[in-house]
Amino acid sequence: MSSVDTSLSPRVNSIKPSRSVTVADQASALIQAGVPIIKLSTGEPDFNTPAAIAEAGIKAIREGQTRYTQNAGILELRQAICRKLKEENEISYTPDQIVVSNGAKQSIVQAVLAVCSPGDEVLIPAPFWVSYPEIARLADAAPVILSTRIEDNFLLDPKVLESKLTEKSRLLILCSPCNPTGSVYPKKLLEEIAQIVAKHPRLLVLSDEIYEHIMYAPATHTSFASLPDMWERTLTINGFSKCFAMTGWRLGYLAGPSHFVAACGKLQSQFTSSASNISQKAAVAALGLGHAGGEAVATMVKAFRERRDFLVRSFGELEGVKMLEPQGAFYLFLDFSFYYGSEVEEFGKIDDSESFCGYLLEKAQVATVPGSAFGEDKGLRISYSSSLDTLKAAFESIKKSLLLLKRPA
Ligand code: PMP
(Lines give C-alpha, C1' and ligand atoms only; values in the text may rest on other atoms or scores of the structure.)
Protein backbone atom coordinates (compact mmCIF):
# COMPACT_ATOMS: atom_id res chain seq x y z
CA MET A 1 0.00 0.00 0.00
CA SER A 2 1.44 3.39 -0.91
CA SER A 3 1.62 5.98 1.85
CA VAL A 4 0.18 9.44 1.35
CA ASP A 5 2.32 12.57 1.57
CA THR A 6 0.30 14.67 4.00
CA SER A 7 2.49 17.75 3.82
CA LEU A 8 0.74 21.05 3.22
CA SER A 9 1.84 24.14 1.36
CA PRO A 10 3.97 26.71 3.23
CA ARG A 11 1.25 29.24 2.36
CA VAL A 12 -1.45 27.41 4.29
CA ASN A 13 0.98 26.60 7.10
CA SER A 14 1.78 30.31 7.48
CA ILE A 15 -1.77 31.27 8.48
CA LYS A 16 -3.92 30.67 11.55
CA PRO A 17 -7.56 29.61 11.42
CA SER A 18 -10.05 32.37 12.29
CA ARG A 19 -10.32 32.40 16.10
CA SER A 20 -13.87 33.76 16.07
CA VAL A 21 -14.87 30.73 14.00
CA THR A 22 -13.07 28.25 16.30
CA VAL A 23 -14.70 29.77 19.41
CA ALA A 24 -18.11 29.57 17.75
CA ASP A 25 -17.48 25.90 16.86
CA GLN A 26 -16.35 25.13 20.40
CA ALA A 27 -19.50 26.77 21.83
CA SER A 28 -21.75 24.92 19.37
CA ALA A 29 -20.17 21.59 20.34
CA LEU A 30 -20.86 22.31 24.03
CA ILE A 31 -24.46 23.31 23.26
CA GLN A 32 -24.91 20.05 21.35
CA ALA A 33 -23.57 18.18 24.36
CA GLY A 34 -26.33 19.80 26.44
CA VAL A 35 -24.36 22.62 28.13
CA PRO A 36 -26.50 25.80 28.07
CA ILE A 37 -23.86 28.12 26.61
CA ILE A 38 -24.80 31.71 25.78
CA LYS A 39 -23.00 32.55 22.57
CA LEU A 40 -21.74 36.12 22.51
CA SER A 41 -19.04 35.24 20.04
CA THR A 42 -20.90 35.48 16.77
CA GLY A 43 -20.11 38.22 14.30
CA GLU A 44 -23.49 38.41 12.64
CA PRO A 45 -26.80 40.16 13.29
CA ASP A 46 -29.47 38.08 15.03
CA PHE A 47 -32.16 39.49 12.71
CA ASN A 48 -33.61 37.88 9.62
CA THR A 49 -32.91 39.51 6.28
CA PRO A 50 -35.58 42.22 5.79
CA ALA A 51 -38.62 40.82 3.95
CA ALA A 52 -38.35 43.05 0.87
CA ILE A 53 -34.80 41.82 0.25
CA ALA A 54 -35.68 38.16 0.81
CA GLU A 55 -38.66 38.48 -1.55
CA ALA A 56 -36.39 39.87 -4.28
CA GLY A 57 -34.18 36.79 -3.89
CA ILE A 58 -37.19 34.45 -4.12
CA LYS A 59 -38.45 36.32 -7.19
CA ALA A 60 -35.01 35.99 -8.81
CA ILE A 61 -35.13 32.19 -8.39
CA ARG A 62 -38.70 32.00 -9.72
CA GLU A 63 -37.80 34.10 -12.74
CA GLY A 64 -34.84 31.89 -13.57
CA GLN A 65 -32.07 34.32 -12.58
CA THR A 66 -30.04 31.27 -11.71
CA ARG A 67 -27.11 31.42 -14.07
CA TYR A 68 -23.62 32.91 -13.87
CA THR A 69 -23.57 36.68 -14.17
CA GLN A 70 -20.90 38.96 -15.54
CA ASN A 71 -17.72 38.34 -13.53
CA ALA A 72 -17.82 41.75 -11.78
CA GLY A 73 -21.54 41.52 -11.03
CA ILE A 74 -24.79 42.47 -12.78
CA LEU A 75 -24.76 45.99 -14.19
CA GLU A 76 -27.99 46.87 -12.37
CA LEU A 77 -26.29 46.18 -9.01
CA ARG A 78 -23.04 47.94 -9.88
CA GLN A 79 -25.06 50.98 -10.98
CA ALA A 80 -27.03 50.90 -7.72
CA ILE A 81 -23.75 50.66 -5.76
CA CYS A 82 -22.36 53.68 -7.65
CA ARG A 83 -25.53 55.68 -6.84
CA LYS A 84 -25.27 54.68 -3.17
CA LEU A 85 -21.57 55.61 -2.96
CA LYS A 86 -22.27 58.99 -4.60
CA GLU A 87 -25.31 59.89 -2.50
CA GLU A 88 -24.31 58.49 0.89
CA ASN A 89 -20.52 58.56 0.77
CA GLU A 90 -19.69 61.40 -1.60
CA ILE A 91 -17.45 59.21 -3.77
CA SER A 92 -17.84 58.95 -7.54
CA TYR A 93 -17.28 55.64 -9.26
CA THR A 94 -18.44 54.20 -12.56
CA PRO A 95 -19.79 50.62 -12.75
CA ASP A 96 -16.48 49.36 -14.21
CA GLN A 97 -14.83 50.49 -10.96
CA ILE A 98 -16.86 48.03 -8.89
CA VAL A 99 -16.30 44.28 -8.39
CA VAL A 100 -19.02 42.39 -6.55
CA SER A 101 -17.78 39.27 -4.71
CA ASN A 102 -18.96 36.41 -2.51
CA GLY A 103 -18.72 38.50 0.66
CA ALA A 104 -16.51 41.42 1.61
CA LYS A 105 -13.94 38.92 2.86
CA GLN A 106 -13.33 37.81 -0.71
CA SER A 107 -13.17 41.46 -1.83
CA ILE A 108 -10.46 42.09 0.80
CA VAL A 109 -8.46 38.97 -0.09
CA GLN A 110 -8.50 39.92 -3.77
CA ALA A 111 -7.53 43.53 -3.06
CA VAL A 112 -4.56 42.50 -0.89
CA LEU A 113 -3.44 39.85 -3.39
CA ALA A 114 -3.75 42.36 -6.23
CA VAL A 115 -1.62 45.13 -4.76
CA CYS A 116 0.96 43.49 -2.47
CA SER A 117 4.28 42.05 -3.64
CA PRO A 118 6.26 39.57 -1.53
CA GLY A 119 7.90 41.39 1.38
CA ASP A 120 5.55 44.39 1.27
CA GLU A 121 4.21 45.62 4.57
CA VAL A 122 0.53 45.86 5.44
CA LEU A 123 -0.13 48.26 8.31
CA ILE A 124 -2.94 47.18 10.61
CA PRO A 125 -4.11 49.10 13.68
CA ALA A 126 -4.86 46.79 16.65
CA PRO A 127 -7.32 45.68 17.90
CA PHE A 128 -8.01 44.42 14.37
CA TRP A 129 -10.47 42.15 12.62
CA VAL A 130 -8.95 38.67 12.93
CA SER A 131 -8.53 38.09 9.20
CA TYR A 132 -6.43 41.11 8.15
CA PRO A 133 -2.98 39.82 9.23
CA GLU A 134 -3.67 36.34 7.86
CA ILE A 135 -4.82 37.77 4.53
CA ALA A 136 -1.60 39.81 4.37
CA ARG A 137 0.38 36.59 4.98
CA LEU A 138 -1.55 34.83 2.22
CA ALA A 139 -0.22 37.52 -0.12
CA ASP A 140 3.37 36.89 1.13
CA ALA A 141 3.26 40.36 2.70
CA ALA A 142 4.22 41.14 6.29
CA PRO A 143 1.56 42.43 8.68
CA VAL A 144 2.84 45.39 10.73
CA ILE A 145 0.68 45.92 13.78
CA LEU A 146 0.07 49.49 14.96
CA SER A 147 -0.91 49.63 18.64
CA THR A 148 -3.70 51.93 19.78
CA ARG A 149 -4.79 52.86 23.30
CA ILE A 150 -8.15 52.61 25.00
CA GLU A 151 -7.53 56.21 26.16
CA ASP A 152 -7.51 57.21 22.46
CA ASN A 153 -10.73 55.31 21.81
CA PHE A 154 -8.63 52.61 20.13
CA LEU A 155 -8.08 54.99 17.21
CA LEU A 156 -4.81 55.11 15.29
CA ASP A 157 -2.48 57.87 16.45
CA PRO A 158 -1.08 59.50 13.27
CA LYS A 159 2.34 59.73 14.98
CA VAL A 160 2.39 55.94 15.43
CA LEU A 161 1.53 55.52 11.75
CA GLU A 162 4.30 57.90 10.73
CA SER A 163 6.84 56.08 12.89
CA LYS A 164 6.09 52.71 11.25
CA LEU A 165 6.16 53.73 7.60
CA THR A 166 9.02 52.35 5.51
CA GLU A 167 9.75 51.94 1.80
CA LYS A 168 8.05 48.58 2.02
CA SER A 169 4.75 50.00 3.33
CA ARG A 170 2.15 49.21 0.70
CA LEU A 171 -1.23 49.11 2.37
CA LEU A 172 -2.84 50.66 5.44
CA ILE A 173 -6.05 48.93 6.53
CA LEU A 174 -8.66 51.07 8.27
CA CYS A 175 -11.91 49.66 9.62
CA SER A 176 -14.60 52.12 10.70
CA PRO A 177 -16.86 51.36 12.51
CA CYS A 178 -14.35 48.90 13.88
CA ASN A 179 -14.68 45.20 14.58
CA PRO A 180 -13.87 44.47 17.48
CA THR A 181 -13.93 47.84 19.31
CA GLY A 182 -16.90 49.70 17.82
CA SER A 183 -14.67 52.77 17.39
CA VAL A 184 -15.59 55.21 14.64
CA TYR A 185 -12.92 57.38 13.02
CA PRO A 186 -13.88 61.08 13.13
CA LYS A 187 -13.39 62.98 9.88
CA LYS A 188 -10.69 65.21 11.37
CA LEU A 189 -8.53 62.23 12.37
CA LEU A 190 -8.96 60.65 8.93
CA GLU A 191 -7.83 63.94 7.39
CA GLU A 192 -4.67 63.87 9.53
CA ILE A 193 -4.03 60.26 8.47
CA ALA A 194 -4.63 61.23 4.82
CA GLN A 195 -1.97 63.94 5.05
CA ILE A 196 0.59 61.34 6.12
CA VAL A 197 -0.55 58.85 3.48
CA ALA A 198 -0.20 61.54 0.79
CA LYS A 199 3.53 61.84 1.55
CA HIS A 200 4.16 58.17 0.69
CA PRO A 201 3.63 57.50 -3.02
CA ARG A 202 3.58 53.68 -2.66
CA LEU A 203 1.06 53.63 0.15
CA LEU A 204 -2.56 52.66 -0.52
CA VAL A 205 -5.45 52.49 1.93
CA LEU A 206 -7.99 49.72 2.21
CA SER A 207 -11.04 51.24 3.88
CA ASP A 208 -13.33 48.55 5.28
CA GLU A 209 -16.74 50.21 5.74
CA ILE A 210 -18.86 47.10 6.16
CA TYR A 211 -20.47 48.31 9.44
CA GLU A 212 -21.21 51.76 8.03
CA HIS A 213 -24.95 51.92 8.80
CA ILE A 214 -24.65 50.41 12.27
CA MET A 215 -23.69 53.72 13.78
CA TYR A 216 -24.90 55.49 16.92
CA ALA A 217 -25.54 59.23 16.61
CA PRO A 218 -23.87 61.65 17.09
CA ALA A 219 -21.11 59.55 15.43
CA THR A 220 -21.05 59.95 11.66
CA HIS A 221 -19.35 57.95 8.92
CA THR A 222 -16.67 59.34 6.61
CA SER A 223 -15.47 57.37 3.61
CA PHE A 224 -11.70 57.60 3.30
CA ALA A 225 -11.89 57.88 -0.51
CA SER A 226 -13.96 61.08 -0.18
CA LEU A 227 -11.03 62.96 1.41
CA PRO A 228 -8.95 65.27 -0.80
CA ASP A 229 -6.45 63.38 -2.99
CA MET A 230 -7.34 60.00 -1.46
CA TRP A 231 -9.59 58.63 -4.22
CA GLU A 232 -6.63 57.37 -6.30
CA ARG A 233 -5.14 55.56 -3.32
CA THR A 234 -8.18 54.05 -1.69
CA LEU A 235 -9.79 50.66 -2.10
CA THR A 236 -13.24 50.96 -0.55
CA ILE A 237 -14.73 47.75 0.82
CA ASN A 238 -18.37 47.35 1.72
CA GLY A 239 -20.95 44.59 1.78
CA PHE A 240 -24.43 43.46 2.70
CA SER A 241 -23.73 40.95 5.51
CA LYS A 242 -23.87 43.21 8.54
CA CYS A 243 -26.05 46.24 7.83
CA PHE A 244 -28.72 44.29 5.93
CA ALA A 245 -28.50 41.07 8.00
CA MET A 246 -27.44 39.10 4.90
CA THR A 247 -24.44 37.09 6.12
CA GLY A 248 -25.62 33.89 4.45
CA TRP A 249 -26.24 35.55 1.08
CA ARG A 250 -22.46 36.10 0.75
CA LEU A 251 -22.23 39.45 -0.96
CA GLY A 252 -19.69 42.24 -0.73
CA TYR A 253 -17.90 44.61 -3.05
CA LEU A 254 -14.80 46.63 -3.79
CA ALA A 255 -14.79 50.09 -5.32
CA GLY A 256 -11.62 51.80 -6.47
CA PRO A 257 -9.54 53.14 -9.34
CA SER A 258 -10.01 51.11 -12.56
CA HIS A 259 -6.45 49.76 -12.64
CA PHE A 260 -6.71 48.06 -9.22
CA VAL A 261 -10.32 47.01 -9.63
CA ALA A 262 -9.56 45.34 -12.97
CA ALA A 263 -6.77 43.37 -11.29
CA CYS A 264 -9.20 42.19 -8.59
CA GLY A 265 -11.68 41.22 -11.29
CA LYS A 266 -8.98 39.20 -13.04
CA LEU A 267 -8.27 37.28 -9.81
CA GLN A 268 -11.97 36.66 -9.29
CA SER A 269 -12.37 35.40 -12.86
CA GLN A 270 -9.86 32.61 -12.12
CA PHE A 271 -11.07 31.99 -8.61
CA THR A 272 -14.83 31.95 -8.03
CA SER A 273 -16.30 33.79 -11.05
CA SER A 274 -19.32 35.94 -10.27
CA ALA A 275 -21.11 36.13 -6.95
CA SER A 276 -24.50 34.44 -6.69
CA ASN A 277 -26.96 35.86 -9.21
CA ILE A 278 -29.83 35.48 -6.73
CA SER A 279 -27.97 37.36 -3.99
CA GLN A 280 -27.14 40.14 -6.42
CA LYS A 281 -30.83 40.63 -7.21
CA ALA A 282 -31.56 40.72 -3.48
CA ALA A 283 -28.80 43.29 -3.00
CA VAL A 284 -30.40 45.58 -5.58
CA ALA A 285 -33.53 45.47 -3.40
CA ALA A 286 -31.42 46.18 -0.29
CA LEU A 287 -30.01 49.32 -1.88
CA GLY A 288 -33.55 50.27 -2.88
CA LEU A 289 -34.67 50.43 0.77
CA GLY A 290 -33.73 54.09 0.97
CA HIS A 291 -31.03 56.17 2.58
CA ALA A 292 -28.83 54.10 4.93
CA GLY A 293 -31.14 51.12 4.48
CA GLY A 294 -34.35 52.95 5.44
CA GLU A 295 -36.72 51.80 8.19
CA ALA A 296 -35.65 48.14 8.08
CA VAL A 297 -32.04 48.96 8.99
CA ALA A 298 -33.03 51.74 11.41
CA THR A 299 -35.09 49.21 13.42
CA MET A 300 -32.06 46.92 13.80
CA VAL A 301 -29.77 49.81 14.73
CA LYS A 302 -32.27 50.95 17.39
CA ALA A 303 -32.20 47.47 18.97
CA PHE A 304 -28.38 47.35 18.85
CA ARG A 305 -28.22 50.76 20.52
CA GLU A 306 -30.52 49.69 23.35
CA ARG A 307 -28.33 46.62 23.96
CA ARG A 308 -25.12 48.64 23.79
CA ASP A 309 -26.51 51.08 26.36
CA PHE A 310 -27.47 48.23 28.68
CA LEU A 311 -24.04 46.57 28.45
CA VAL A 312 -22.06 49.78 28.86
CA ARG A 313 -24.14 50.74 31.90
CA SER A 314 -23.90 47.27 33.45
CA PHE A 315 -20.21 46.53 32.85
CA GLY A 316 -19.43 50.10 33.90
CA GLU A 317 -20.60 49.17 37.41
CA LEU A 318 -18.18 46.24 37.76
CA GLU A 319 -14.86 46.58 39.50
CA GLY A 320 -11.78 46.68 37.28
CA VAL A 321 -13.50 46.53 33.90
CA LYS A 322 -12.30 49.09 31.36
CA MET A 323 -14.14 49.74 28.13
CA LEU A 324 -14.93 52.18 25.45
CA GLU A 325 -18.50 53.10 24.58
CA PRO A 326 -18.87 51.73 21.03
CA GLN A 327 -19.99 54.28 18.45
CA GLY A 328 -20.82 51.69 15.84
CA ALA A 329 -20.97 47.96 14.90
CA PHE A 330 -22.36 45.47 17.46
CA TYR A 331 -19.30 44.61 19.53
CA LEU A 332 -18.03 45.62 22.93
CA PHE A 333 -14.33 45.23 23.67
CA LEU A 334 -13.85 44.81 27.41
CA ASP A 335 -10.50 45.11 29.16
CA PHE A 336 -10.50 42.54 31.98
CA SER A 337 -6.74 42.57 32.55
CA PHE A 338 -7.36 43.73 36.14
CA TYR A 339 -8.31 40.09 36.83
CA TYR A 340 -5.21 38.54 35.23
CA GLY A 341 -3.10 36.75 37.79
CA SER A 342 -6.17 35.38 39.61
CA GLU A 343 -6.23 31.78 40.78
CA VAL A 344 -9.44 29.79 40.62
CA GLU A 345 -10.09 26.52 42.35
CA GLU A 346 -10.68 23.66 39.91
CA PHE A 347 -9.73 25.90 37.00
CA GLY A 348 -6.20 27.17 37.54
CA LYS A 349 -4.57 30.47 36.82
CA ILE A 350 -5.98 33.19 34.62
CA ASP A 351 -3.12 35.04 33.05
CA ASP A 352 -4.23 36.11 29.60
CA SER A 353 -7.30 36.62 27.42
CA GLU A 354 -7.34 32.96 26.33
CA SER A 355 -7.52 31.66 29.90
CA PHE A 356 -9.98 34.41 30.88
CA CYS A 357 -12.34 33.48 28.03
CA GLY A 358 -11.86 29.80 28.89
CA TYR A 359 -12.90 30.63 32.46
CA LEU A 360 -16.01 32.52 31.30
CA LEU A 361 -16.94 29.62 29.04
CA GLU A 362 -16.60 27.10 31.86
CA LYS A 363 -17.92 29.03 34.85
CA ALA A 364 -20.28 31.62 33.36
CA GLN A 365 -21.19 29.46 30.36
CA VAL A 366 -20.77 32.48 28.13
CA ALA A 367 -18.74 32.27 24.89
CA THR A 368 -16.66 35.33 24.03
CA VAL A 369 -13.63 35.83 21.77
CA PRO A 370 -10.23 36.40 23.41
CA GLY A 371 -8.51 39.71 22.69
CA SER A 372 -5.36 37.86 21.58
CA ALA A 373 -7.22 37.00 18.37
CA PHE A 374 -7.54 40.73 17.68
CA GLY A 375 -3.97 41.64 18.68
CA GLU A 376 -4.86 43.04 22.15
CA ASP A 377 -4.48 40.50 24.92
CA LYS A 378 -5.91 42.71 27.67
CA GLY A 379 -9.45 42.29 26.50
CA LEU A 380 -12.15 40.19 24.96
CA ARG A 381 -14.92 40.79 22.49
CA ILE A 382 -18.59 40.46 23.22
CA SER A 383 -20.98 40.53 20.33
CA TYR A 384 -24.35 42.02 21.26
CA SER A 385 -26.20 40.41 18.41
CA SER A 386 -28.48 38.63 20.92
CA SER A 387 -31.74 39.70 22.55
CA LEU A 388 -31.67 42.03 25.53
CA ASP A 389 -32.93 39.20 27.76
CA THR A 390 -30.07 36.95 26.65
CA LEU A 391 -27.58 39.75 27.28
CA LYS A 392 -29.03 40.35 30.74
CA ALA A 393 -28.64 36.67 31.60
CA ALA A 394 -25.08 36.64 30.23
CA PHE A 395 -24.14 39.74 32.20
CA GLU A 396 -25.47 38.32 35.49
CA SER A 397 -23.56 35.11 34.91
CA ILE A 398 -20.29 36.93 34.10
CA LYS A 399 -20.75 39.14 37.15
CA LYS A 400 -21.16 36.11 39.40
CA SER A 401 -18.11 34.39 37.97
CA LEU A 402 -15.97 37.50 38.52
CA LEU A 403 -16.89 37.44 42.20
CA LEU A 404 -15.29 33.99 42.49
CA LEU A 405 -11.91 35.28 41.33
CA LYS A 406 -9.21 35.75 43.92
CA ARG A 407 -6.87 38.43 42.68
CA PRO A 408 -3.21 38.13 43.67
CA ALA A 409 -2.44 40.04 46.89
N1 PMP B 1 -14.77 43.10 7.43
C2 PMP B 1 -15.06 43.05 8.75
C3 PMP B 1 -14.51 44.09 9.64
C4 PMP B 1 -15.87 42.02 9.25
O5 PMP B 1 -16.17 41.98 10.56
C6 PMP B 1 -16.34 41.02 8.36
C7 PMP B 1 -17.19 39.86 8.85
N8 PMP B 1 -16.96 39.39 10.10
C9 PMP B 1 -16.01 41.13 7.01
C10 PMP B 1 -15.22 42.18 6.58
C11 PMP B 1 -16.45 40.10 5.99
O12 PMP B 1 -17.81 40.06 5.79
P13 PMP B 1 -18.52 39.21 4.65
O14 PMP B 1 -17.50 38.36 3.99
O15 PMP B 1 -19.59 38.43 5.33
O16 PMP B 1 -19.10 40.23 3.69
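All of these numbers come straight from a predicted model, not from anything done at the bench.

Examining the packing of aromatic side chains
Link 1 in the chain: For the structure on display, the rule yields 21 aromatic pairs.
Link 2 in the chain: Plain terms: the ring middles of Trp129 and Tyr132 are 5.2 Å apart, the flat faces sit at 80 degrees to each other, and that makes the pair edge-to-face.
Link 3 in the chain: Taking relative accessible area as the criterion, Trp129 reaches 16% and is therefore assigned buried.
Link 4 in the chain: Look at Tyr132 and you get buried, because its relative accessible area is 3%.

Focus on the domain arrangement of the protein
Link 1 in the chain: Annotation of the protein at the domain level lists domain 1 (10-48 + 295-403) and domain 2 (52-291).
Link 2 in the chain: The gap between the C-alpha centroids of domain 1 and domain 2 is 26 Å.
Link 3 in the chain: In this assembly, domain 1 packs against domain 2 so that about 3000 Å² is buried in total across both faces, 63% of it on carbon and sulfur atoms.
Link 4 in the chain: Broken down residue by residue, the surface that domain 1 buries against domain 2 is led by Leu324, Gln327 and Phe374, which jointly contribute 21%.
Link 5 in the chain: With its nearest N and O atoms 3.5 Å apart, the salt bridge here joins Arg11 to Asp140.
Link 6 in the chain: Between the two partners, domain 1 and domain 2, sit 14 residue pairs in polar contact (both at pLDDT 80 or more).
Link 7 in the chain: Going through the elements one at a time, α11 (294-316), β9 (322-323) and β10 (331-335) are the ones with two or more residues in the side of domain 1 that touches domain 2.
Link 8 in the chain: In terms of residue count, α11 provides more of the side of domain 1 that touches domain 2 than any other element does, seven residues in total.
Link 9 in the chain: Classifying every residue of the side of domain 1 that touches domain 2 gives 19 nonpolar, eight polar and eight charged.

A short note on the layout of surface pockets
Link 1 in the chain: Considered as a void within the structure, the largest pocket measures approximately 550 Å³ in volume.
Link 2 in the chain: Along the walls of the largest pocket sit 26 residues, with Ser20, Gly43, Lys105, Trp129 and Lys242 positioned nearest its centre.
Link 3 in the chain: Mapped onto the lining of the largest pocket, the elements with two or more residues apiece are α2 (19-32) and α5 (104-115).
Link 4 in the chain: Split by residue class, the lining of the largest pocket holds 11 nonpolar, nine polar and six charged.
Link 5 in the chain: In terms of domain composition, the lining of the largest pocket takes at least three residues from each of domain 1 (10-48 + 295-403) and domain 2 (52-291).
Link 6 in the chain: In terms of lining residues, the second largest pocket is bounded by 21 residues, among which Lys16, Pro17, Ser18, Val130 and Glu134 are the most central.
Link 7 in the chain: Every element with two or more residues in the lining of the second largest pocket is listed here: α2, α5, α6 (131-138) and β4 (142-147).
Link 8 in the chain: Tallying contributions element by element places α6 first for the lining of the second largest pocket, with six residues.

Considerations on the sheet that holds strand β7 (residues 234-239)
Link 1 in the chain: In space, the seven strands of this open sheet follow the order β2-β8-β7-β6-β5-β3-β4, with mixed pairing throughout. Pairing within the sheet leaves two strands with one partner each, and these edge strands are β2 (98-101) and β4. Within this sheet the neighbouring strands show an average axis-to-axis angle of 20 degrees, counted without direction.
Link 2 in the chain: In this sheet, strand β8 (residues 252-255) lies alongside β7 in antiparallel orientation, the contact comprising four bridges.

Conventions adopted
- Residues numbered from 1 in each chain as written.
- Predicted model: local features only at pLDDT ≥ 70, side-chain atom pairs only at ≥ 80, totals over all residues.
- Heavy atoms only, no water.
- Phe/Tyr/Trp six-rings, centres within 6.5 Å; stacked < 30°, edge-to-face > 60°.
- Buried < 20%, exposed > 50% of the residue type's maximum accessible area, 1.4 Å probe, protein only.
- Domains from an automatic or database assignment.
- Buried area = accessible area lost by both parts, 1.4 Å probe.
- Salt bridge = Lys/Arg side-chain N within 4 Å of Asp/Glu carboxyl O.
- Polar contact = N/O pair within 3.5 Å; in protein donor to acceptor, adjacent residues only side chain to side chain.
- Helix = DSSP H or I, 4+ residues; strand = E, 2+ residues; numbered from the N terminus.
- Nonpolar A, V, L, I, M, F, W, Y, C, P; charged D, E, K, R; others polar.
- 1 Å grid on protein atoms, 1.4 Å probe; cavity = no way out; pocket = protein on both sides within 12 Å on 5 of 7 lines; lining within 4 Å.
- Points joined across faces, edges and corners; volume = space filled by probe spheres on them.
- Pairing = 2+ DSSP bridges.
- Axes fitted to C-alpha atoms, helices over the stretch in contact; angles between N-to-C directions.

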